[in-house]
Each structure stands twice: as C-alpha cells, then as structure tokens.
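# Architecture and fold: a report
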Amino acid sequence: DQAYEVKEITLPQESAIPADCTVVVILGPNKAFFPTEIKALTGFLDQGGRLVVGIDATLTQSDKLDELKNLLKNWGLVVKTALNIDPFSTRLGVDASVPIVATYNTDHSITKEFKQPSYFPFSRPVDLTSPAPDGLKTVWLAKTSPKSWGETDMGSIAKGSVKYDEGKDIQGPLTVAAAVSGKKSGSTATKETRIVLFGSSQFGTNNYSRFGGNSDLFLNSVSWALEDESMISIRAKEDDAGKIELSQNQGTAIFLISVIFVPLFIAIAGIVIWVRRKKL
C-alpha cells in the first residue's frame, strides 16, 4: 500500500547486497550467518545501507547468532540473551511472555506520535553500547513496564514456571526496540547508515500486527530507514473482512478432521446402523 517493492535475497548466493536494494529486512533468524553473508551486510552498511532486524528470544543460552549480534554491536546495538516477562500482561488476558509496551521515545520520528500499546510476543531485551561508536547516534524506541524483567534461567522457562531472581535476571523496564543512525568515523559513505533493531520478529507477523500499534511501529521503522519520513504516521484502521491465520499443521489437522475423519465416521456409523437393522 505504500508502493514499496519487496524481494527476497538469498545472501549465501550473493557476493554483495544488490544495488537496487534500499533496505534489508531480517526477521526471526535462527541459524548462524555464513562469513560471506556477514561480509555482504557489513559492506552494505559501511556504504550507508539501511537495515531492519527482529531477533526473537531463545530457550537456550546459545542462540547461534553470534556473528549477526557482533555485527550489530559494531554499530552500537546490543542483543541480550533473555526472555522478557511482564506479569502485568496477565491482567489484560495476555500471557506474561507477551509484554505490552506503552513507553515510547517521543523524541524520535518513528515513535513521536505513538500512544497505542504494542504487543511484543516472545521478545528479548536489547540495549545500546556505552558510549556509542564515534559518529553514530543510538537511541531507544520502546520499553516494557517497570514490573517486567528479562528471565535468564532457561530451565525455568522450559518448565513454565518463572520468577524474578535479583542479581541474576535483568530488571525492567527493558528496551525492546532501538535505532542507530550516522556515519562511522573515517567513513567515505555518501549517506548515513540507519538500523532499527527489535527484540522480537513476531510482533510484526499476521497474528500480532493487527493489535495495538504493532503494524504502525514496523511500517514506521521501514519508512524511517528509507528516509521516507513523510510516510511515518498513525494509520487509520481499516474495517477489512476478518481473516483466519493458520499454520501448516493447523491446516492439515482441519483437513484431516473435516475431509477424512468426520465423513469416515459417518460412513461407518451408517454401515453399522444398516447392518443392525437388516438383522432385525
């Protein structure tokens, strides 16, 4: 709807980011990046490239993304290993692993008009390096409530029972979205680099983008990365027909039940009744 053309890039097959690419979006990575992929992204950013990244929390201490995390750290953005927990969410009928974010940085163009809460399912804390790399400006965009914390005990998460452990877990409020802009010291780029980092990718999926300010937050981030600030806004909600979003497993289950099992049950029941009646 905003006249952006979206294409997939297979980084292992590319020696560099295509010249016609204006912003790279990486959502929900769960595999280690090859050196050639990191090299392509590094070259792209060094020349003023734009990047939007969403990295979900993991239930293990190692999330296989060290290469990508190191790349982001070189630009002043830190990805932490923890799961954001917010007990306040349960009062609103939402799981505690889905923090409801209502604190935004009103000094940044992405979030300056934000008043709607956003839902950040299965998110992790992100942070900013201190100090920021020379020539770069790093800012937080969105934070969880003060009652939230970053759970670092992956064993307790797997068991479904978590509690805040002082000195071990990360006390809230927690940053779940941050941005960086500028040119590194000594850079020969003709334009500034812009990066937006989210501690979740699921907030922008079909299941959650329709809630609160999720969709606007993601689209505003892309517009800011493209220096297309005129497209940053709080968009009017459209009364579209309701859509049912199903995973492949859910679709398969519905197919088997409605097309195979239910008709088969009716057929068997009919045969049994027919046989019993014939014996009367």
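To be clear, the structure that these remarks concern was listed above.
Here we summarise the structure given alongside this text.

Parameters and conventions
All chains use their own residue numbering, which begins from 1 and follows the written sequence. The predicted nature of this model means local features are confined to residues of pLDDT at least 70 and side-chain atom pairs, given and counted, to a pLDDT of 80 or more, with totals for whole chains, interfaces and linings taken over all residues. Hydrogens are left out, water is left out, and the side-chain values use all remaining heavy atoms of the structure. Numbering of helices and strands runs from the N terminus; a helix is a DSSP stretch of H or I covering at least four residues, while a strand is a stretch of E covering at least two. A helix is expected to span 1.5 Å for every residue after the first. We call a residue buried when its accessible area falls under 20% of the maximum for its residue type, exposed when it is over 50%, and partly exposed in between, using a 1.4 Å probe and counting protein chains only. An arc is given here, and it is the one of the directions from the helix axis to the C-beta atoms. Between two residues, a contact is recorded if the distance between any of their heavy atoms is within 4.5 Å. Any two strands with at least two DSSP bridges between them are considered paired.

## Topic: helix α1 (residues 35-46)
With 12 residues, α1 should reach 16 Å at 1.5 Å per residue; the first-to-last C-alpha distance of 16 Å fits that figure. All of the buried residues in α1 are E37, I38, A40, L41, F44 and L45. End-on, the buried residues of α1 take up no more than an arc of 160°, which puts them together on one face. Of the exposed residues in α1, the ones pointing more than 90 degrees away from its buried face are P35 and K39. Here the buried face of α1 lies against β1 (24-27), β2 (50-54), α2 (66-73) and β13 (193-198). In the stretch just after α1, G48 is the one whose phi turns positive, near 90°.

## Quick word on the sheet that holds strand β10 (residues 149-151)
With antiparallel pairing, 3 strands are arranged side by side in an open sheet as β4-β10-β11. Of all strands in the sheet, those with a lone pairing partner are β4 (83-85) and β11 (170-171), marking the two edges. Strand direction decides the pairing type here: β10 and β11, joined by 2 bridges, are antiparallel. If you follow G150 over to β11, its bridge partner there is I170.

## Comments concerning the pairing of strand β12 (residues 175-182)
Of all 8 residues in β12, 8 are buried, a share of seventy percent or more. Bridge analysis of strand β9 (residues 136-143) against β12 gives 7 bridges, and the strand direction is antiparallel. Paired with K143 across the bridge in β12 is T175. Sheet topology note: the β12/β13 ladder contains 6 bridges and is antiparallel. Of the residues in β13, the one forming a bridge with A178 is L197.

## Observations concerning the side chain of S181
Note on placement: S181 falls in strand β12. Among residues more than four places away in sequence, those in contact with S181 are G135, L136, K137, E192, T193, R194 and W224.

Fair warning: the whole summary comes from geometry, so function is off the table for now.
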